[in-house]
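Summary of structural features
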Amino acid sequence: TLAPWRAAARYNARMAFEKELEVARRIARQAGELALQHRARGVRAESKLDLSPVTAADRDCERMIAQVLAESFPEDGLIGEEGALKEAASGRRWIIDPIDGTRDYIRHTPTWSVLVALEASGEVEVGVCHLVEQAEMYFATRRGGAYVNDRGIRVSSIRDPGEAVLCVNGLNDVGKIPFAERLLGW
C-alpha cells in the first residue's frame, strides 16, 4: 500500500487534470461507439500516402473528437492522425488517433483502440486508450497513476525476459524499431 502522503499526492496529480481526463474518456467512448456504428454499415478502406488504411469511420471519429475538444477547450491546439490540426493559444495540444489499428478494425480483430492524449508545455499530462471491443479503458495522468476501468495498474515486477510476454501486432514495421536485429535472439 502507498504511504498516506504518497496516495494523497497521486490523487492530487490525477485531479489536476480532472476535467481534461473526464472529457478525454467521454469522447473516447463516443468515438468507439461511432466507429462500431460505421462498421455495422460496412467498411471500405482507402490507402493513405504511407500505405496504411483509412476509413470513413477514422475521419468521422476524428472530426467528432476535434469538435468536442474545440468546444470544451477552445484555447487548446490539436493534432490528429487523419490530418486534424489546430494551433494552440494555451501552450497545450491534444493528440488523437481516432482508430489506432485500422487494419484490426477492418478485420474485426478486437485490438483496435481510440487514443486521446493532452500535451502541456511539451509533456504528456493525460492519456486515454479505449479498447472498444474489449470494454477496457486505460487512462493515466502524469504523477496521478495509471488505471484500467478505474482499477489501478502498475509496471510489472518481472525482471527476467524469459518470464516476460512480448506482443507484436503487425510485422510490417518491426524492422524499423531500434532493436529489430536483436529481437529474435532476445
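1. A look at the packing of aromatic side chains
Counting across every chain of the model gives three aromatic pairs. Geometrically, the ring pair formed by F139 and Y147 is stacked, given 5.3 Å between the ring centres and 15° between the ring planes. The class for Y147 is buried, based on a relative accessible area of 15%. In this structure, R25 is placed above the aromatic ring of F139, and the distance from its NZ or CZ to the ring centre is 4.0 Å.

2. Thoughts on the nonpolar core
With 32 residues, the main nonpolar core has I65, L69, W94, V114 and V116 as its most contacted residues. Looking at this core, the elements with two or more residues in it are α2 (18-41), α3 (56-72), β5 (92-100), β6 (113-120), β7 (123-131) and β8 (136-141). Once residues within four sequence positions are removed from consideration, V116 is found in contact with A24, I27, A28, W94, I95, I96, V126, G127 and V128.

3. Observations regarding the pattern of salt bridges
Scanning the entire structure with this criterion turns up 11 salt bridges. We note a salt bridge from K48 to E81, for which the minimum N-O separation is 3.1 Å. Of this pair, K48 sits in the loop between β1 (45-47) and β2 (53-55) while E81 is found in the loop between β3 (77-80) and β4 (85-86), placing the two residues 33 residues apart along the sequence. One salt bridge in this structure joins R142 and E125, with 3.6 Å as the shortest N-O distance. Remark: E125 occurs in strand β7 and R142 occurs in the loop between β8 and β9 (145-148); sequence separation between them is 17 residues. With a relative accessible area of 29%, R142 lands in the partly exposed category. E125 sits in the buried class, given a relative accessible area of 11%.

Thresholds applied
Residues numbered from 1 in each chain as written. Predicted model: local features only at pLDDT ≥ 70, side-chain atom pairs only at ≥ 80, totals over all residues. Heavy atoms only, no water. Phe/Tyr/Trp six-rings, centres within 6.5 Å; stacked < 30°, edge-to-face > 60°. Buried < 20%, exposed > 50% of the residue type's maximum accessible area, 1.4 Å probe, protein only. Lys NZ or Arg CZ within 6 Å of the ring centre and 35° of its normal. Core = buried A, V, L, I, M, F, W, Y, C linked by side-chain atoms within 4.5 Å. Helix = DSSP H or I, 4+ residues; strand = E, 2+ residues; numbered from the N terminus. Contact = heavy atoms within 4.5 Å. Salt bridge = Lys/Arg side-chain N within 4 Å of Asp/Glu carboxyl O.

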